[in-house]
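Here's the letter readout for the chains.
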Amino acid sequence: MIEELTAFVRARMAEDLSCAWGGAADGGRWTADGPRLVVGSGAAFEMGAPAAGHAAHHDPDRVVRAVAAKQAILDRCERHLERTAPGPGARDGELVVAQILVALAAEWAAHPDYRAQWTGAPAQT
């Protein structure tokens with residue numbers, strides 16, 4: 001299950017980065033100016049105040065930083081699993097990593113590749 005969750009989260013992060021880089025094509029930070037979304041190049045898009053505020057809050061730079069943070073979490077989890085010696089405590093470490101991955105994957109619960117069995121705590125075998 002850990003490998004499936006890791007692959008799922010990595011694929012979603014890659015999609016988010018691709019979308020962010022596409023959005024960054026206009027350059028710079030996105031801001032809201034009332035009902036308009038203003039991108040770094042100065043282009044503005046009318047969309048209503050709530051939508052403009054939401055879009056500005058999730059500007060491409062922020063998405064890139066969020067993906068980098070999640071990547072760091074995944075890398076740390078993988079290093080932990082690689083260093084953990086087999087034994088009584090190893091299973092506990094795997095459960096913690098699985099729970100972290102479940103929490104990360106939950107962001108994309110509406111994605112068609114998301115599996116319902118990931119919703120709860122991982123089953124102990």
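Each residue is numbered by its place in its chain's sequence as written, counting from 1. Note on the predicted model: pLDDT of at least 70 is required for a residue's local features to be given, and 80 or more for side-chain atom pairs to be given and counted; whole-chain, interface and lining totals, by contrast, use all residues. Think of the side-chain values as coming from all heavy atoms in the structure, minus any hydrogens and water.

Caption draft 1: Structural context of the side chain of Thr 6. We count a stretch as a helix when DSSP gives it H or I for four or more residues in a row; a strand needs E for two or more, and each element gets its number in order from the N terminus. Among the secondary structure elements, Thr 6 is positioned in helix α1 (residues 2-23). Sequence-distant contacts of Thr 6, defined by excluding residues within four places in its chain, comprise Glu 78 and Leu 101. Any pair of residues with heavy atoms lying within 4.5 Å of one another is described as a contacting pair.

Caption draft 2: The pattern of salt bridges, seen in detail. Each salt bridge in this description consists of a side-chain nitrogen of Lys or Arg and a carboxyl oxygen of Asp or Glu lying within 4 Å of one another. Across all of its chains, the model carries six salt bridges by this definition. Note that Glu 78 and Arg 10 form a salt bridge whose closest N and O atoms lie 2.8 Å from each other. Here Arg 10 lies in helix α1 and Glu 78 lies in helix α3 (residues 60-83), a separation of 68 residues in the sequence. Exposure is judged per residue with a 1.4 Å probe applied to protein chains only, and the accessible area is read against the type maximum: over 50% gives exposed, under 20% gives buried, and values in between give partly exposed. The class of Glu 78 is partly exposed, set by a relative accessible area of 30%. Here Arg 10 falls in the partly exposed class, since its relative accessible area comes to 26%. Of the charged contacts in the structure, one is a salt bridge between Glu 107 and Lys 70, with a shortest N-O distance of 2.6 Å.

Caption draft 3: Local environment of the side chain of Arg 12. The topology assignment puts Arg 12 in helix α1. Judged by its relative accessible area of 5%, Arg 12 is buried. In contact with Arg 12, other than residues within four places in its own chain, are Trp 108, His 111 and Asp 113.

Caption draft 4: The sheet that holds strand β3 (residues 44-46), seen in detail. Any two strands with at least two DSSP bridges between them are considered paired. A sheet is described by the order of its strands in space; here three strands give the open sequence β1-β2-β3, paired in antiparallel fashion. Because the sheet does not close on itself, it has two edges, and the strands there are β1 (31-33) and β3. Averaged over all adjacent pairs, the angle separating strand axes in this sheet is 30°, with direction ignored. Both strand β2 (residues 36-38) and β3 contribute to a ladder of three bridges, which runs antiparallel. Considered in β3, the bridge of Arg 36 is made with Glu 46. Angles here are taken between N-to-C directions and fall from 0 to 180 degrees, while the axes themselves are lines fitted to C-alpha atoms, restricted in helices to the stretch in contact.

Caption draft 5: Quick peek at the environment of Phe 8. Mapped onto the fold, Phe 8 is located in helix α1. Sequence separation of Phe 8 and Leu 104 is 96 residues, and the distance between their C-alpha atoms is 9.8 Å. Residues within four places of Phe 8 in sequence aside, it is in contact with Ala 105, Trp 108, His 111, Asp 113, Tyr 114 and Trp 118.

Caption draft 6: Fine view of α3. The span you would expect from a helix comes to 1.5 Å times its residue count less one. Taking 1.5 Å as the rise per residue, α3 with 24 residues should run 34 Å; its terminal C-alpha atoms sit 35 Å apart, in good agreement. Inspection of α3 places Pro 60, Val 67, Lys 70, Leu 74 and Cys 77 among the buried residues, and these make up the whole buried set. For α3, the N-terminal capping position is held by Asp 59, with its side-chain oxygen 3.1 Å away from the main-chain nitrogen of Asp 61. Pairs of N or O atoms are called polar contacts if they sit within 3.5 Å, as long as, within protein, a hydrogen donor faces a hydrogen acceptor (for residues adjacent in sequence, only side-chain-to-side-chain pairs).

Caption draft 7: Main features of the packing of aromatic side chains. Stacked, tilted and edge-to-face are the three classes assigned to paired rings of Phe, Tyr and Trp, where Trp is represented by its six-membered ring and a pair needs centres within 6.5 Å; plane angles under 30 degrees give stacked, over 60 edge-to-face, the rest tilted. For the coordinates displayed, the defined rule picks out three aromatic pairs. With 5.8 Å between their ring centres and 65° between their planes, Phe 8 and Tyr 114 make a pair best called edge-to-face. Residue Phe 8 is found in helix α1, and its partner Tyr 114 is found in the segment after α4 (90-105); the two are separated by 106 residues along the sequence. Summarising the burial analysis for this pair, Phe 8 and Tyr 114 share the class buried.

Note that every value here comes from positions in space, so none of it alone points to a role or purpose.
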